[in-house]
Amino acid sequence: MANYTVLEDSIEEAAGDFITNLAENSVKEKGAFLIGLSGGSLATFLGKLKLSERAELDKWHVFLVDERAVPLDHADSNYRALREAWNDGLKCKWYPVIFENDNLDDSANKYESVITSVFSQYKTDAFDLLLLGLGPDGHTASLFPSHPDFLNNLNTSSLVIPVRNSPKPPSSRISLSPSAINGAKSSAFIITNSAAKAPIIKSILKDENENLYPPTIVAKNAHWFLDKVSASHL
């Protein structure tokens, strides 16, 4: 069951401590911290995140939870947004998604190969942490409510899936699959200053509409860091 913490003014420190502790344990265990990041509002938050000085960022391996099918320097690129917003992240090892042609299946398969290669290097089969976002329609990653590319991949063993005809532009994307997100050792949502998302957050965390929104399926055990605005309906 998902759990949550509501904070008034220390969310950057609380989330920073949570992430730093996970990273420390992972580095001690296998010499690396494998983390996946969403785009959107998370990019802005990362710029304010207060990580401990203990964080060995040169041992962090950063992947994209989802990405839009655009060049890396495009304004819609999650990779670009995250890199520009998070200065400390420049010390990490990044794994961007490369879209070399219009074949989303090829792009998804190639990114999965990148992920599994790093997993193999560190003798693991899962991400240490995924930092997830929540859209105003209740989507997370590029897994949209009632979308066929979400529903048809609920039981796939693939780690990465193509997403076509996204209800939000750009329409072509790749995303971590439900199994990849479910399989992560830890996952977390960090949502601030979002009154519009408060009713959906209530539905997800209180199970009023079980399985209506993707987070109730793919991130049941996630920890939610919320400010009072985002938690106003709880």
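All figures in this text were calculated on a predicted structure; none of them were measured in a lab.

**A few points about the overall build of the chain**
Okay, step 1: Helices and strands together make up the secondary structure of the chain, namely 8 helices and 10 strands.
Okay, step 2: Since a compact globule built from 234 residues should have a radius of gyration of about 17 Å, the 17 Å found for the chain is in line with a globular shape.
Okay, step 3: Here the C-alpha coordinates of the chain stretch approximately 45 × 40 × 30 Å along the principal axes.
Okay, step 4: In the chain, buried positions account for 54% of the 234 residues.

**Description of the packing of aromatic side chains**
Okay, step 1: Under the criterion given, the structure shown has 9 aromatic pairs.
Okay, step 2: The interplanar angle of 75° and the centroid separation of 4.9 Å between the aromatic rings of F33 and W60 together place this pair among those described as edge-to-face. Linking F33 in strand β2 (residues 33-37) with W60 in strand β3 (residues 60-64), this pair joins segments that are 27 residues apart in sequence.
Okay, step 3: Taking the relative accessible area as the measure of exposure, F33 reaches 0% and is therefore buried.
Okay, step 4: Taking the relative accessible area as the measure of exposure, W60 reaches 1% and is therefore buried.
Okay, step 5: Pairing F63 with Y95 gives two aromatic rings, centres 4.5 Å apart and planes at 5°, and the pair type is stacked. In this pair, F63 is assigned in strand β3 and Y95 in strand β5 (residues 93-95), connecting sequence segments 32 residues apart.

**Some details on the sheet that holds β2**
Okay, step 1: If you trace the 7 strands from one edge of the open sheet to the other, you get β1-β10-β9-β6-β2-β3-β5, paired in parallel fashion. Two strands bound the open sheet, and with one partner strand each, they are β1 (3-7) and β5. Sheet twist, expressed as the mean angle between neighbouring strand axes with direction ignored, is 20°.
Okay, step 2: Judged from the 3 bridges that link them, β2 and strand β6 (residues 129-132) form a sheet pairing that is parallel.

**A closer look at the nonpolar core**
Okay, step 1: In terms of nonpolar packing, the biggest core is built from 74 residues, with L37, W60, W86, L131 and W224 touching the most fellow members.
Okay, step 2: No other element matches helix α4 (residues 104-121), which puts 6 residues into this core.
Okay, step 3: For W60, the contacting residues outside a window of four places in its chain are I19, A23, F33, I35, L51, A55, W86, C92 and K93.

**Quick look at the pattern of salt bridges**
Between side chains of opposite charge, a pair can form as their charged atoms come close.
Okay, step 1: Using the criterion set out here, one finds 9 salt bridges in the structure.
Okay, step 2: Of the charged contacts, one joins E29 and K185 as a salt bridge, the two residues approaching to 3.9 Å between their closest N and O atoms. You can see E29 sitting in helix α1 (residues 11-30) and its partner K185 sitting in the loop between α6 (178-182) and β9 (187-191), a full 156 residues away along the chain.
Okay, step 3: Note on K185: relative accessible area 44%, which makes it partly exposed.
Okay, step 4: Between K185 and D128 there is a salt bridge, with the nearest N and O atoms lying 3.5 Å from each other. One end of the pair, K185, is in the loop between α6 and β9; the other, D128, is in the loop between α4 and β6, and 57 residues separate them in sequence.
Okay, step 5: With relative accessibility at 3%, the residue D128 sits in the buried group.
Okay, step 6: Linked by salt bridges that have partners in common, E29, K30, D128 and K185 make up one network.

**Some words on the environment of D227**
Okay, step 1: Position of D227 relative to the elements: it lies in strand β10 (residues 223-227).
Okay, step 2: Beyond its immediate chain neighbours, meaning those up to four positions away, D227 contacts V6, L7, I11, I191, T192 and N193.

**Considering the layout of surface pockets**
A water-sized probe, rolled over the atoms, reveals where empty space remains.
Okay, step 1: When its volume is computed, the largest pocket comes out at roughly 240 Å³.
Okay, step 2: For the largest pocket, the lining is made up of 17 residues, of which G39, G40, H139, A141 and K168 are closest to its centre.
Okay, step 3: Residue classes in the lining of the largest pocket are distributed as 3 nonpolar, 9 polar and 5 charged.

**Some words on helix α7 (residues 198-205)**
Okay, step 1: A large share of α7 lies buried, amounting to 6 of its 8 residues.
Okay, step 2: Taken together, the buried positions of α7 are A198, I200, I201, S203, I204 and L205.
Okay, step 3: Residues of α7 that are buried in the fold lie against β1, β9, α8 (215-218) and β10.
Okay, step 4: Phi turns positive one or two residues past the end of α7, at D207, with a value near 60°.

Basis of the calculations
- Numbering of residues begins from 1 in every chain and follows the order in which that chain's sequence is written.
- Residues qualify for local features only when their pLDDT is at least 70, as the model is predicted, and side-chain atom pairs are given and counted only at 80 or more; totals for whole chains, interfaces and linings, by contrast, use all residues.
- Note that the side-chain values use all heavy atoms of the structure and ignore hydrogens as well as water.
- The numbering of helices and of strands both runs from the N terminus, where a helix is a DSSP run of H or I of at least 4 residues and a strand a run of E of at least 2.
- The quantity called the radius of gyration is restricted to C-alpha atoms. Its globule counterpart is 2.2 Å times the number of residues to the power 0.38.
- Burial classes follow relative accessibility: with a 1.4 Å probe on protein chains only, a residue under 20% of its type's maximum area counts as buried, one over 50% as exposed, and anything between as partly exposed.
- Centres within 6.5 Å make a pair out of two Phe, Tyr or Trp rings, where for Trp the six-membered ring is used; the pair is then stacked when the planes are under 30 degrees apart, edge-to-face when over 60, and tilted otherwise.
- Criterion used throughout: strands pair if DSSP finds at least two bridges between them.
- Note on geometry: axes are C-alpha line fits, over the in-contact stretch for helices, and angles between N-to-C directions span 0 to 180 degrees.
- The definition of a nonpolar core used throughout is a set of buried Ala, Val, Leu, Ile, Met, Phe, Trp, Tyr and Cys residues joined through side-chain atoms within 4.5 Å.
- When checking whether two residues touch, look at their non-hydrogen atoms; a contact exists if any pair is within 4.5 Å.
- For this document, the term salt bridge refers to a Lys or Arg side-chain nitrogen within 4 Å of an Asp or Glu carboxyl oxygen.
- The way it works is a 1 Å grid over only the protein atoms, where trapped points that fit a 1.4 Å probe form a cavity and open points with protein on both sides within 12 Å along at least five of seven lines form a pocket, and then any residue with an atom within 4 Å of a point lines it.
- Grid points are joined across faces, edges and corners, and a volume is the space filled by probe spheres set on the points.
- Throughout this entry, Asp, Glu, Lys and Arg are counted as charged residues, while Ala, Val, Leu, Ile, Met, Phe, Trp, Tyr, Cys and Pro are counted as nonpolar. The remaining residues, Gly among them, count as polar.

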